[in-house]
Amino acid sequence: MSTLQAVARGDNTTRSSGSSTRAGAARRWRLPRSAGWLGAVPLLLFAALVFGLPAGTMVFGALTTPETVPDGARFTGANMSASLHGPYLTALIGSVKLSAVSALIAAVVGLPVAHAVVTSRFRALREAVLAGAGVLANFGGVPLAFAFVATLGNAGVLTTRFHLLGHGWNLYGFWGLTLVYLYFLIPLMVLTLAPALEGLRRQWREAAHNNGASTFRYWMHVALPILMPSLLGGYVLLFGTAFSAYATAAAMVGSSVPLVTMQIADALSGNVLVGQDNVALALGVDMVLVAGLVMAVQVPLQRRSTRWLA
């Protein structure tokens, strides 16, 4: 017995020495923790070049006078002040109003649509709807404007067939542009809410029903409170998408609806006043600030939603 114990102790000693040797070798070959940041250097350089350089140029131009003036470029706050007065302020408010209204309607409509898709028993239909939503969420610009003009414009197919002009219909106004925005905002909301709705556990509904709660009470007191961060996060995402849209509105309504993106284009091209390039850059800074505020609201909402739906 003593011989076996000695052999066992020797084997354990050999194993421990071998493992300690391998651990020591691993520690010698392990890179310092600070060296792990080297892998992110290309990404940081790309972000600084693609995002940082244009943003810095825009801020510098918004806070300086044009180089063509007699005194040359110098720092000033006149551009930022001008961007918050007159037609520029009207356009900024118009963009915020259009984005808020269209995002709200898309969120209200997108929730039941996403729930119907997620709870569908037909997997092929569900995958087809989600794939179509992915396509429609990225469909915009001139093709979308042309499609709506040909369908619901003053001489559109549905407009002439149902005599919509006699009922006060106008595609080239605020509500017409809102309808066009809903074409890609509702599919985007469906894609945003589908993962959150899949995270709702069946046990929660069963527990609510076992305690005498109706379907309405389940949604009001269980499902909607859990989904609220995802709903608000989706609303903020839709707001930012509508706020930054340009090509669709430019091709369809032009300057009929005051939008900040239209004002930036007019200032850069000199359609209204010449030499307003720096004011256009100031309007761009205003949009960046609004987008930054949107992101500041969206990130905490996403983190909070993952606590329940992860």
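## What to know about the overall build of the protein chain
- Of regular secondary structure, the protein chain possesses 13 helices and 0 strands.
- When the helices and strands of the protein chain are listed from N to C terminus, the series reads α-α-α-α-α-α-α-α-α-α-α-α-α.
- Within the protein chain, contacts between residues at least 6 apart in sequence are counted, and of these 68% link residues at least 24 apart.
- For the protein chain, the accessible surface area stands at approximately 19000 Å², while carbon and sulfur atoms represent 67% of it.

## Things to note about the environment of Ala223
- You can see Ala223 is positioned in helix H10 (residues 215-244).
- Residues Ala223 and Arg201 lie 22 residues apart in sequence; the distance between their C-alpha atoms is 9.6 Å.

## What to know about the packing of helix H8 (residues 174-198) against H10
- It is the contact of H8 with H10, at a shortest axis distance of 10 Å, that shows an interaxial angle of 140°. Relative to H10, the element H8 lies oblique. Like other packed secondary-structure pairs, H8 and H10 cross with a definite hand, here right-handed. Facing Tyr181, Phe184, Leu185, Leu188, Met189, Thr192, Leu193, Ala196 and Leu197 of H8, the residues of H10 in contact are Trp219, Leu227, Ser230, Leu231, Gly234, Tyr235, Leu237, Leu238, Thr241 and Ala242.

## So, the packing of helix H4 (residues 86-118) against H10
- At their nearest, the axes of H4 and H10 sit 8 Å apart, and the two run at 140° to each other. It follows that H4 is oblique to H10 by the angle criterion. As H4 runs across H10, the sense of the crossing is right-handed. Residues Leu92, Ser95, Val96, Ser99, Ala100, Ser102, Ala103, Leu104, Ala106, Ala107, Leu111 and His115 of H4 pack against Trp219, Leu224, Leu231, Tyr235, Leu238, Phe239, Ala242 and Phe243 of H10.

## Section: the packing of aromatic side chains
- Considering all chains together, one arrives at 7 aromatic pairs under this definition.
- When the centroid spacing of 5.2 Å and the interplanar angle of 90° are considered together, the rings of Phe174 and Trp175 count as edge-to-face.
- Here Tyr218 and Trp219 contribute two aromatic rings whose centre-to-centre distance is 5.9 Å and whose plane-to-plane angle is 75°, an arrangement assigned as edge-to-face.
- Taken together, Phe139, Phe148 and Tyr183 form an aromatic cluster joined through their ring pairs.
- The side chain of Lys97 reaches across the aromatic face of Phe174, ending 5.1 Å from its centre.

## What to know about the side chain of Thr178
- Checked against the element boundaries, Thr178 lands in helix H8.
- Here Thr178 falls in the buried class, since its relative accessible area comes to 2%.
- Apart from the residues lying within four places of it in its own chain, the contact partners of Thr178 are Leu98, Val101, Ser102 and Ile105.

## Concerning H8
- Helix length check: H8 (25 residues) gives 35 Å between terminal C-alpha atoms against 36 Å at 1.5 Å per residue, within 8%.
- The sharpest bend along H8 reaches about 40° and sits at Leu182.

## Notes on the nonpolar core
- Counting residues in hydrophobic clusters, the biggest one holds 59 residues, and the most contacted among them are Leu177, Tyr181, Leu197, Leu200, Trp219 and Leu259.
- Elements with a minimum of two residues in this core: H4, helix H6 (142-152), H8, helix H9 (202-210), H10, helix H11 (247-252), helix H12 (260-269) and helix H13 (277-309).
- When near neighbours in sequence (up to four residues on either side) are disregarded, Tyr181 contacts Leu98, Ser102, Ala242, Ala245, Thr248, Ala249 and Leu259.

## What to know about unusual backbone geometry
- Its identity is not glycine, yet His163 carries a phi of approximately 55°, on the positive side.
- Note on placement: His163 falls in the loop between helix H7 (157-161) and H8.

## What about the confidence of the model for the protein chain?
- Overall, the prediction assigns the protein chain a mean pLDDT of 82, with 82% of residues at 70 or greater.
- Taking the mean pLDDT of every element in the protein chain, the minimum, 46, falls on helix H1 (residues 2-29) and the maximum, 93, on H4.
- Across residues 19-28, where pLDDT falls below 50, the model places 0 contacts with residues more than four positions away in sequence or in other chains.

## Structural notes on a nonpolar patch on the surface
- Taken together, Leu43, Phe46, Leu49, Val50, Phe51 and Leu53 make up a surface patch of nonpolar side chains, about 650 Å² in accessible area.
- On the secondary structure map, Leu49 appears in helix H2 (residues 41-62).
- For Leu49, a relative accessible area of 56% corresponds to the exposed category.

## Re the pattern of salt bridges
- The full count for this structure, using the stated rule, is 2 salt bridges.
- Where Arg123 meets Glu127, a salt bridge forms, and the shortest distance between an N and an O atom there is 3.1 Å. Of the two residues, Arg123 and Glu127 both sit in helix H5 (residues 123-136), 4 residues apart, roughly one turn of that helix.
- Given the relative accessible area of 62%, Arg123 is considered exposed.
- Overall, Glu127 belongs to the partly exposed group, its relative accessible area being 43%.

## Description of the side chain of Thr159
- One can find Thr159 in helix H7.
- The exposure class assigned to Thr159 is buried, which follows from its relative accessible area of 2%.
- Within the structure, the side chain of Thr159 is placed 2.7 Å from the backbone oxygen of Gly153, a separation counted as a polar contact.
- Excluding its chain neighbours within four sequence positions, the residues that come into contact with Thr159 are Thr151, Leu152, Gly153, Asn154, Leu164, Leu165 and Trp169.

Rules used in this analysis
Residues numbered from 1 in each chain as written. Predicted model: local features only at pLDDT ≥ 70, side-chain atom pairs only at ≥ 80, totals over all residues. Heavy atoms only, no water. Helix = DSSP H or I, 4+ residues; strand = E, 2+ residues; numbered from the N terminus. Contact = heavy atoms within 4.5 Å. Areas by Shrake-Rupley, 256 points an atom, 1.4 Å probe, with all protein chains shown as cover. Axes fitted to C-alpha atoms, helices over the stretch in contact; angles between N-to-C directions. Parallel < 35°, antiparallel > 145°, perpendicular 65-115°, else oblique. Left-handed = near helix turned anticlockwise from the far one by under 90°. Phe/Tyr/Trp six-rings, centres within 6.5 Å; stacked < 30°, edge-to-face > 60°. Lys NZ or Arg CZ within 6 Å of the ring centre and 35° of its normal. Buried < 20%, exposed > 50% of the residue type's maximum accessible area, 1.4 Å probe, protein only. Expected span 1.5 Å × (residues − 1). Bend = angle between axes of the 7 residues up to and from the residue. Core = buried A, V, L, I, M, F, W, Y, C linked by side-chain atoms within 4.5 Å. pLDDT = per-residue confidence, 0-100. Patch = residues over 30% accessible without salt bridge, like charges linked within 9 Å, V, L, I, M, F, W, Y side chains within 5 Å. Salt bridge = Lys/Arg side-chain N within 4 Å of Asp/Glu carboxyl O. Polar contact = N/O pair within 3.5 Å; in protein donor to acceptor, adjacent residues only side chain to side chain.

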